[in-house]
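For reference, the chains in residue letters:
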Amino acid sequence: MGLFDGLRRGDAPFDSGDASTNAIELTKRRAQISLSKQGAATGHLRVNLSWRMRTSDIGGNQRESLLRHPLRALKPPEVVGHSQSMVNVDLDLGCLYELQDGSKGVVQPLGGYFGDVNAAPYVKLSGDDRFGSASGETMYINLDHRDQIKRLLVFVYIYDQTPAFDRAQAIVTLYPSNGPRIEIHLDERQPQARSCAVVMIEKVKDEIVVRREAKFVYGFQAELDRLYGWGLQWGRGYKTKVDR
């Protein structure tokens, strides 16, 4: 595997989201939303990581002569859902947490730090998706304990050290207890990146604010730690082998 191994933007106003999809996408222009203003700062906030692979990357170079198929140049890259037979990259969802009492740590599959949703850190990972199932990986954050939470950094990393963010079109989706879901697309071309800080969830005054980060780094969790000043000690970690 690899090593386990501030930043504030304006709060742009949001409406109820895209009427056709009931979703809000956080972008560089509209990077922040208040769950409190949406009436969604209570209950369980579900965070899901899923990804799809480009067929051109799965099957290698499949370009055909433009003389024989001139219209292919006008077609967008085909994207298909990931499946066990196609996926050779293990994307993991994790969360660095800091509570109001000063305690800090990580929730992630590596090392079996799956957390707890009803006790500190009030963050729990449901499991480790090694093969890219349709449901992806899911984390739960108990916002009924929002007064105990200072900041949470949701991140994604590639376990097997193979840079693949440019081949896997990943999306992290937040499902609040009320209102539209919130999407962060990790679609920037970062072929050498191995980790990405996706979104920061923190208490700002009396509000729970979600802020898009989408910061790709070449290292792993330790580099994200340094970037955001968490101050944890990191070492090497490995997953046990499982049969496919």
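This text goes with the structure placed above it.
Residues numbered from 1 in each chain as written. Predicted model: local features only at pLDDT ≥ 70, side-chain atom pairs only at ≥ 80, totals over all residues. Heavy atoms only, no water.

Asker: How would you summarise the overall build of the protein chain if you had to cite specific residues and measurements?
Answerer: Each helix and strand in the protein chain was counted, giving two helices and 14 strands. In the protein chain, which comprises 244 residues, the share counted as buried stands at 48%. Split by element, the accessible area of the protein chain, about 12,400 Å² in all, is 47% carbon and sulfur. (Helix = DSSP H or I, 4+ residues; strand = E, 2+ residues; numbered from the N terminus. Buried < 20%, exposed > 50% of the residue type's maximum accessible area, 1.4 Å probe, protein only. Areas by Shrake-Rupley, 256 points an atom, 1.4 Å probe, with all protein chains shown as cover.)

Asker: Lay out the sheet that holds strand β10 (residues 149-158) with the relevant residues and their values.
Answerer: Strand order in the open sheet formed by six strands is β2-β14-β13-β10-β5-β6, and the pairing between neighbours is antiparallel. For this open sheet the edge positions go to β2 (32-34) and β6 (104-107), each flanked by a neighbour on one side alone. Pairs of neighbouring strands in the sheet enclose a mean axial angle of 20 degrees, with direction left out of account. Where strand β5 (residues 91-99) and β6 come together, four bridges link them in antiparallel fashion. Bridge assignment links Tyr 97 to a residue of β6, and that residue is Gly 105. (Pairing = 2+ DSSP bridges. Axes fitted to C-alpha atoms, helices over the stretch in contact; angles between N-to-C directions.)

Asker: Run through the nonpolar core, naming residues and quoting values.
Answerer: Leu 35, Val 47, Leu 91, Ile 141, Val 156, Leu 174 and Ile 201 are the most contacted members of the largest nonpolar core, which totals 43 residues. In this structure, Leu 35 is in contact with Ala 40, Ala 41, Leu 45, Leu 143, Pro 176, Ile 182, Ile 208 and Val 210, ignoring residues within four places of it in sequence. (Core = buried A, V, L, I, M, F, W, Y, C linked by side-chain atoms within 4.5 Å. Contact = heavy atoms within 4.5 Å.)

Asker: So, the packing of aromatic side chains: which residues are in play, and what are the values?
Answerer: For the structure shown, the criterion picks out one aromatic pair. A centroid spacing of 5.9 Å and a plane angle of 35 degrees characterise the contact between Phe 155 and Tyr 157, whose relative ring orientation is tilted. Exposure remark for Tyr 157: the relative accessible area of 0% places this residue in the buried category. Its guanidinium or amino end placed over the ring of Tyr 175, Arg 46 lies 4.0 Å from that ring's centre, counting from NZ or CZ. (Phe/Tyr/Trp six-rings, centres within 6.5 Å; stacked < 30°, edge-to-face > 60°. Lys NZ or Arg CZ within 6 Å of the ring centre and 35° of its normal.)

Asker: Account for the side chain of Ser 195, with residues named and values stated.
Answerer: Take Ser 195: it is sitting in strand β13 (residues 195-204). Excluding residues that lie within four positions of it along the chain, Ser 195 makes contacts with Val 156, Tyr 157, Phe 165, Lys 215, Phe 216, Val 217, Gly 219, Phe 220, Gln 221 and Leu 224.

Asker: Which residues make up the pattern of salt bridges, and what values go with them?
Answerer: What the rule picks out here adds up to six salt bridges. Between Glu 98 and Arg 151 there is a salt bridge, with its nearest N and O atoms 2.7 Å apart. Of this pair, Glu 98 sits in strand β5 while Arg 151 is found in strand β10, placing the two residues 53 residues apart along the sequence. Here Glu 98 and Arg 151 have matching classes, each one buried. Through salt bridges with shared partners, one network takes in Glu 98, Lys 150 and Arg 151. (Salt bridge = Lys/Arg side-chain N within 4 Å of Asp/Glu carboxyl O.)

Asker: Quick rundown of the environment of Asp 147? Include the residues and the values.
Answerer: Mapped onto the elements of the fold, Asp 147 is located in the loop between β9 (137-142) and β10. Spatially, the C-alpha atoms of Asp 147 and Gln 100 are 7.6 Å apart, while their sequence positions differ by 47 residues. Beyond its immediate sequence surroundings of up to four residues, Asp 147 is in contact with Gln 100 and Lys 203. Separated by 2.8 Å, the side chains of Asp 147 and Lys 203 make a polar contact. (Polar contact = N/O pair within 3.5 Å; in protein donor to acceptor, adjacent residues only side chain to side chain.)

Asker: Give a description of the pairing of β9 that names residues and reports values.
Answerer: Burial runs high along β9: five of the six residues are buried. Looking at chain direction, strand β8 (residues 123-125) and β9 are connected through three bridges and run antiparallel. Each bridged residue has a counterpart across the sheet, and for Lys 124 the counterpart in β9 is Tyr 140.

Asker: How would you summarise the pairing of strand β12 (residues 181-186) if you had to cite specific residues and measurements?
Answerer: Taken together, the three bridges between strand β1 (residues 23-25) and β12 define a ladder with parallel strand orientation. Bridge assignment links Glu 25 to a residue of β12, and that residue is Glu 183. Pairing geometry for strand β11 (residues 168-175) and β12, over five bridges, is antiparallel. Across the sheet, the residue bridging to Leu 174 is Ile 182, located in β12. Between β11 and the antiparallel strand that follows it, β12, lie five residues; Gly 179 among them carries a positive phi value of about 90 degrees.

Asker: Please give an account of helix α2 (residues 221-228) that cites residues and values.
Answerer: Of all the residues in α2, the buried ones are Gln 221, Ala 222, Leu 224, Asp 225 and Tyr 228. Buried residues along α2 cover an arc of 160 degrees about the axis, so they all sit on one side. Lining the buried residues of α2 we find β5, β10, β13 and β14 (207-217). Among the residues trailing α2, Gly 229 stands out with phi positive, at a value near 70 degrees. (Arc of directions from axis to C-beta.)

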